[in-house]
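# Topology and contacts: notes
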Amino acid sequence: MDFIPQMEPNFSSEEADAVYDYMKSGGWVTEFKKSREFEQMICDYTGAKFCHLVNNGTLSLSLALLAVGVQPGDKVLVPNLTMIATPNAVKFIGCVPVFGDVSGDSLTLDMKEVKRICRKEKIKAVIHVSLNTRVGDLTHIKDFCTKNNISFIEDSAQSLGSFYKGKHVGTFGDIGSFSFSSPKIISTGQGGCLVTNDEELSEKIRRLKDFGRDGGGNDSHPYFGINCKFTDLQSVIGIEQMKKLPERVDKMKDTWKRYYDRLNQYSVQSSHGIKIEMFPPNNQEGTSWIPWFVDIYLSSEKVRDNLMVYLKSKKIETRKVYPPINRQKIYESPDQDFPVSNDWAPRGLWLPSSSKLSHEDIDQVCQEIENFFNC
Ligand SMILES: *Cc1c(COP(=O)(O)O)cnc(C)c1O
């Protein structure tokens, strides 16, 4: 059997031709017309009014915080289960990440935690992370933030292609952030963008990513800003990738269903000792949920780790779900209790989820999981 990767970017001749044509056209490579075209495609797809491309989905979060007026020393609430980029983007601009536990229903920030923490600490902004594109308490947290004059930012890096209650994930917050790094549903190698419906915030983001420049091409700088610009060379790839997004969304739905139909029978522990928990797809009205990766949760961290080693020996690559942030050395906080993220995350495994995966690959992965448990 061939090696089955956990994920891989998916480029083909369309991207190659677009890059070739662009280079032949004499463009300056840096951000210009092709980037405006790519931004417009993101607006059209997500329904956001404004989109600004930036160099990645981490600095995008720092810029979003600066745009809403967060100052050094301010506290920003983030979930204890997310990619390290979320708290690091907070720390990078001299702010203090405060961690809230996630809910066991979605593994996203728990509304009860938001309320509890905002009662005892002065929180300037909340970053909601749609982890594996699940939204959990998204709209309730947003309403709470609006009422309490707290900025609400969405780290929707994993969620391009997912809609919730008729709106694209990432368009609920004051600002939403996406990433185009290699593992994401579409990629430009590195890259990211911010979306917003607020013209003033949009203008602030534009300045922040371009040295605080007054307008196009001059050297007048009434505002602070750095350089987080994108490139047209990446945008021509992004444009081709955006054209393929609807097809990738369908493919991901199909992949999820095939795994779910086969593995969900083990959600109750069987006589073989196999237990696999999966979150059911969200089928609410107006909601079109696709996972970023297919995630399963085993009965313990040890079973998860052993299964991972076994699958590797069968040339199947998997990836551990992120460790809870309080277990990362840089943020270690042993005196703080995060029962839900510390229970779930160490049992979580991302299965092969590439957009190039075949039905045979999926069946093979499921078969090997069953073999591991001798059933
Ligand atoms: C990928 C990701 C990021 C970081 O994006 P980069 O483009 O790699 O900087 C941030 N947050 C989440 C939730 C992500 O999945």
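Residues numbered from 1 in each chain as written. Predicted model: local features only at pLDDT ≥ 70, side-chain atom pairs only at ≥ 80, totals over all residues. Heavy atoms only, no water.

Attention now goes to the sheet that holds strand β10 (residues 294-297). Taken together, 3 strands build an open sheet; the order of strands is β10-β12-β11 and the sheet is antiparallel. In this open sheet, the two strands that pair with only one neighbour each are β10 and β11 (319-320). The pairing of β10 with strand β12 (residues 348-351) spans 4 bridges and is classified as antiparallel. Note on β12: the bridge partner recorded for Y297 is G348. Together, β10, β11 and β12 form the strand contacts of helix α9 (residues 301-313), whose direction differs from that of β12 by roughly 25°. (Pairing = 2+ DSSP bridges. Helix = DSSP H or I, 4+ residues; strand = E, 2+ residues; numbered from the N terminus. Contact = heavy atoms within 4.5 Å. Axes fitted to C-alpha atoms, helices over the stretch in contact; angles between N-to-C directions.)

Turning our eyes to something else, we now look at the site of the ligand. Near the ligand you find 14 residues, and of these G57, T58, D155, S179 and K184 are the closest. Contact between the ligand and D155: a nitrogen atom at 2.7 Å from a side-chain N or O atom of the residue. Here an oxygen atom of the ligand sits 3.2 Å away from a polar atom, N or O, in the side chain of K184. If the ligand stood free it would expose 380 Å²; the protein chains cover 93% of that surface. (Near = heavy atom within 4 Å. Polar contact = N/O pair within 3.5 Å; in protein donor to acceptor, adjacent residues only side chain to side chain. Areas by Shrake-Rupley, 256 points an atom, 1.4 Å probe, with all protein chains shown as cover.)

A separate point is the packing of α9 against helix α11 (residues 359-372). Close contact between α9 and α11 brings their axes to 10 Å; oriented N to C, the two are set at 125°. Here α11 runs oblique to α9, going by the angle between their axes. Of the two elements, α9 crosses α11, and the hand of that crossing is right-handed. Where α9 approaches α11, its residues V303, N306, L307, Y310 and L311 are matched on the opposing element by V365, E368, I369, N371 and F372. A per-class count over the contact of α9 with α11 returns 7 nonpolar, 2 polar and 1 charged. (Parallel < 35°, antiparallel > 145°, perpendicular 65-115°, else oblique. Left-handed = near helix turned anticlockwise from the far one by under 90°. Nonpolar A, V, L, I, M, F, W, Y, C, P; charged D, E, K, R; others polar.)

Read from one edge of the open sheet, 7 strands run β1-β9-β8-β5-β4-β2-β3, paired in mixed fashion. Each of the sheet's edge strands pairs with one partner strand only, and the pair in question is β1 (50-54) and β3 (96-100). Adjacent strand axes in the sheet meet at a mean angle of 25° when their direction is disregarded. Of the pairings in the sheet, the one linking β1 to strand β9 (residues 192-196) comprises 5 bridges and is antiparallel in character. Bridge pairing links C51 to V195 in β9. Running over the sheet, helix α2 (residues 33-46) touches β1, β8 (175-179) and β9 and is turned about 130° from β1.

Quick look at the environment of Q265 now. In this structure, Q265 sits in the loop between α8 (232-263) and β10. A sequence separation of 39 residues divides Q265 from R304, and the C-alpha atoms of the two residues are 18 Å apart. Polar side-chain contacts of Q265 include one of 2.8 Å to the backbone oxygen of R262.

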